[in-house]
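One letter stands for each residue in the lines below.
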Protein chains: 2
Amino acid sequence: MYRIGLFSKMTKVTIKALRFYEAEGLLIPDYIDSESGYRYYSSSQLPLAYRIVSLRQCGFPVAQIRQIIAGKNIAKLFVEQRSKLEEEVVETARRLTSVNHYLDSVANAENTSYDIVLKELPSVLVYSCRMVVDSYDDYFTVIPKIGEEISRANPDLCCVDDPPYCFIMYHDGEYRDQEIDIEFCEAVASRGKETERISFKEIPAVKQAACVMHKGPYSALSYAYGALFRWIEDNKLIMAGNPRESYIDGIWNKSHSENEWLTELQIPVTTG
Amino acid sequence: MYRIGLFSKMTKVTIKALRFYEAEGLLIPDYIDSESGYRYYSSSQLPLAYRIVSLRQCGFPVAQIRQIIAGKNIAKLFVEQRSKLEEEVVETARRLTSVNHYLDSVANAENTSYDIVLKELPSVLVYSCRMVVDSYDDYFTVIPKIGEEISRANPDLCCVDDPPYCFIMYHDGEYRDQEIDIEFCEAVASRGKETERISFKEIPAVKQAACVMHKGPYSALSYAYGALFRWIEDNKLIMAGNPRESYIDGIWNKSHSENEWLTELQIPVTTG
DNA sequence: GGTCACTCTCCAGTTTGGGGAGAGTCAACA
DNA sequence: TGTTGACTCTCCCCAAACTGGAGAGTGACC
């Protein structure tokens, strides 16, 4: 019979942890002196202690270990743990890539480092207008016209603003700077009257999109695109939908300074 | 100016998290109504919110993010995080291998599954006797003789028993069942008189050893060795020292039943 | 009997928020 | 103007797997 300190040395489990495992019902001392409260362990408990340590080193939480020791759902628990760990490997690799990305921009002494985020895009009801424009400069003339057209056809159409979502979706497979095939969209609360060019549609949700916020004039958007595409590639992700450019702050509310404009780039991705 | 619920939707950060980030000094609302206590965020805070989300997705704890936002130690923090994540990848891969090992033994319906553990072996002062024996059966005759010899030379030699550590180290590169080159060792409190065959020495610490507890007669030890070697190989670890067989319970204290005997196998390893 | 190492129980803290109670606020609608 | 419903506030408790410390009791040795 060993006292807790000795058993702790034998198993390399701290005294605190041994007491914790007792409270959790994992490893009850062979004998507890009812007068002093001293715990006494026997060598025949070493295999169980080892089993606990081994399962902890596999990353099992205590509740699962309790079940495994009791012989319940053993295969199921191991299979679940395997898939949990497999996900964890992928996730950690992704984090590593992102950190390396940040380190690259630090090393290159770039003045802006892009904060790229993975998130879900919920499904959304929009009015949309697809068209081919000559150049990016056309946006400033074309888009206001769409706004006029839709509100003429639907005087009391209600665009959602909780939050607002107004974006252009790029239908070209890759970057172009002329004859750009775009679809202008704005989230609305409900469908309205369509016109020849403008229709209503539900854009389905996207499970994962790589997103980056760009602050400043549109002329610098290409750097953000560059960083975002590089990030996606480095993370071995695959583009799974058309990129969107969501306009948050712009000439309509921050006309005094292009530097305050905010645009979010969103690219649906999958792990393949 | 957006209220917290809207800002939460825009950033995909929960309200709870936004309040938490405020308490932590990461993201202070642009304006707080002193009467109602309502928090109001502005769109110009979106980039900061993004930055926080992005860094959290990289696995940074809040304290580090606070420093990064403040522009302190940026490069250092990223480098540290990189090495932390690199370790984590290795560790998770190891866990995955171990879980797969368990699953193998479940799938093969083996009656015993071995609980393999990585641990440190501290340095230890021992008396030791190296010899070549014909077969494993010789242990039972040879070892008692060593015990007699050492206590004849050192009548009041004190073997440590906090905890006791008595083992055989195998000097053959691989498994043999005859002419086995072994070194019998037992931990002692201090050096004593040496004999022709028995000397005192300090065995250096081992940073990592893969260990398994074997319960039962010595004839079944080979299965434990098999499992242990397979585990080491699957984990892409490299043997970094001679295997040890540590005798915990045996004929000396559990003479009534071989099934109660406990032996721990210890193999020093490195990640290469 | 004194000393020292060991052990006991109980409480607090770690991290990143989640859940809920009870109360106050805002905007719209009748 | 009153009411309703959605939102928000603060405050408190909870998680996981322990670690650290306080204050008190125990065991062994000199």
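Residues numbered from 1 in each chain as written. Chains lettered and ligands numbered in written order. Predicted model: local features only at pLDDT ≥ 70, side-chain atom pairs only at ≥ 80, totals over all residues. Heavy atoms only, no water.

Description of the overall build of chain A
Counting secondary structure elements, chain A contains seven helices and twelve strands. The C-alpha atoms of chain A give a radius of gyration of 29 Å, which is well past the 19 Å a tight globule of 272 residues would have. Seen through its principal axes, chain A has C-alpha atoms that stretch 90 × 45 × 35 Å. Summed over its atoms, the accessible surface of chain A is roughly 14000 Å², and 50% of this surface lies on carbon and sulfur atoms. Here chain A carries 30 positive and 39 negative side-chain charges, and the mean point of each set is 13 Å from the other. (Helix = DSSP H or I, 4+ residues; strand = E, 2+ residues; numbered from the N terminus. Rg over C-alpha atoms; globule rule 2.2 N^0.38 Å. Areas by Shrake-Rupley, 256 points an atom, 1.4 Å probe, with all protein chains shown as cover. Lys, Arg positive; Asp, Glu negative; His and termini not counted. Charge placed at Lys NZ, Arg CZ, Asp CG, Glu CD.)

A few points about the side chain of S42(B)
Residue and element names in this part refer to chain B. By the element assignment, S42 lies in the loop between β3 (39-41) and α3 (46-57). A distance of 3.5 Å separates polar atoms of two side chains, one belonging to S42 and the other to D30. With residues up to four places along the chain from it excluded, the contact list for S42 reads M1, Y2, F7 and D30. (Polar contact = N/O pair within 3.5 Å; in protein donor to acceptor, adjacent residues only side chain to side chain. Contact = heavy atoms within 4.5 Å.)

Points about the relation of the copies chain B and chain A
Each copy of the sequence occupies a distinct position, and chain B is placed on chain A by a rotation of 180 degrees and an axial shift of 0.0 Å, giving an RMSD of 0.0 Å. Look at the turn and shift together and you get a two-fold axis relating the two. Minimal C-alpha separation from the rotation axis in chain B is found for V89(B), amounting to 3.0 Å. Both copies share a contact surface, since 100% of the interface residues of chain B are interface residues in chain A too. (Least-squares fit on C-alpha atoms with pLDDT ≥ 70 in both.)

With respect to the protein's contact with DNA strand C
By nearness alone, 21 residues border DNA strand C, and G5(A), R19(A), R39(A), K16(B) and R56(B) come closest of all. For DNA strand C, the fraction of protein-proximal atoms (within 4 Å) that sit in sugar or phosphate groups is 77%. Contacts to DNA strand C include R39(A), whose side-chain N or O atom sits 2.8 Å from a phosphate oxygen. With respect to DNA strand C, the side chain of Y38(B) contributes an N or O atom lying 2.9 Å from a base nitrogen. (Near = heavy atom within 4 Å.)

Description of a negative patch on the surface
Residues D104(A), E110(A), E233(A) and D234(A) make up a contiguous surface patch of negative charge. With respect to the element layout, E233(A) can be found in helix α7 (residues 221-234). (Patch = residues over 30% accessible without salt bridge, like charges linked within 9 Å, V, L, I, M, F, W, Y side chains within 5 Å. Salt bridge = Lys/Arg side-chain N within 4 Å of Asp/Glu carboxyl O.)

Looking at the interface of chain B and chain A
Between chain B and chain A, the contact holds 59 residues from the first and 59 residues from the second. Between chain B and chain A lies a buried interface of about 5000 Å² when both sides are counted; carbon and sulfur atoms form 67% of it. If you sort the residues of chain B by the area they bury against chain A, Y50(B), Q57(B) and R95(B) come out on top, with a joint share of 13%. Taken together, the connections running from chain B to chain A amount to four salt bridges. Between R51(A) and D115(B) there is a salt bridge, with the nearest N and O atoms lying 3.0 Å from each other. Our enumeration of links across chain B and chain A arrives at 20 residue pairs in polar contact (both at pLDDT 80 or more). Every element with two or more residues in the side of chain B that touches chain A is listed here: α1 (4-11), α3, α5 (74-107), β4 (116-121), β9 (206-215), β11 (244-249) and β12 (262-270) of chain B. For the side of chain B that touches chain A, the element with the highest residue contribution is α5(B), accounting for 22 residues. Looking at side-chain class alone, the side of chain B that touches chain A contains 30 nonpolar, ten polar and 19 charged residues. (Buried area = accessible area lost by both parts, 1.4 Å probe. Nonpolar A, V, L, I, M, F, W, Y, C, P; charged D, E, K, R; others polar.)

Comments concerning the pattern of salt bridges
One pass over the full model with this rule turns up 24 salt bridges over all chains. The partner of R66(A) in a salt bridge is E24(A), with the nearest N and O atoms 2.8 Å apart. Taken together, the residues span a long stretch of sequence, with R66(A) in helix α4 (residues 62-70) and E24(A) in the loop between α2 (15-23) and β2 (31-32) at a distance of 42 residues. For E22(B), the salt bridge goes to R39(B), with nearest N and O atoms at 2.5 Å. One end of the pair, E22(B), is in helix α2 (residues 15-23); the other, R39(B), is in strand β3, with 17 residues separating them in the sequence. Since its relative accessible area comes to 18%, E22(B) is described here as buried. One salt-bridge network, held together by shared partners, links E91(A), R94(A) and R95(A). (Buried < 20%, exposed > 50% of the residue type's maximum accessible area, 1.4 Å probe, protein only.)

Points about the domain arrangement of chain A
Residues and elements named next belong to chain A. On domain assignment, one finds that chain A holds domain 1 (2-72), domain 2 (73-112) and domain 3 (116-270). Distance from the C-alpha centre of domain 2 to the C-alpha centre of domain 3: 29 Å. Of the residues lining the interface, five residues belong to domain 2; the matching set on domain 3 comes to seven residues. Between domain 2 and domain 3 the total buried area reaches about 530 Å² when both faces are included, carbon and sulfur atoms providing 53% of it. Contact with domain 3 buries surface across domain 2, with R94, T97 and H101 losing the most and accounting together for 81% of the total. At the boundary of domain 2 and domain 3, one finds zero salt bridges. Along the contact surface separating domain 2 from domain 3 lie three residue pairs in polar contact (both at pLDDT 80 or more). (Domains from an automatic or database assignment.)

A closer look at the protein's contact with DNA strand D
Near DNA strand D lie 21 residues; those nearest to it are T14(A), K16(A), P61(A), G5(B) and R19(B). Those atoms of DNA strand D that come within 4 Å of the protein belong to sugar or phosphate at a rate of 75%. In this structure, V62(A) approaches DNA strand D through a main-chain N or O atom, which is 3.2 Å from a phosphate oxygen. Y38(B) has a polar side-chain atom sitting 3.3 Å from a base oxygen of DNA strand D. Those elements that provide at least two residues to the surface near DNA strand D are α2 of chain A together with α1 and α2 of chain B. Counting residues per element, the surface near DNA strand D draws most heavily on α2(A), which supplies four residues. Split by residue class, the surface near DNA strand D holds nine nonpolar, five polar and seven charged.

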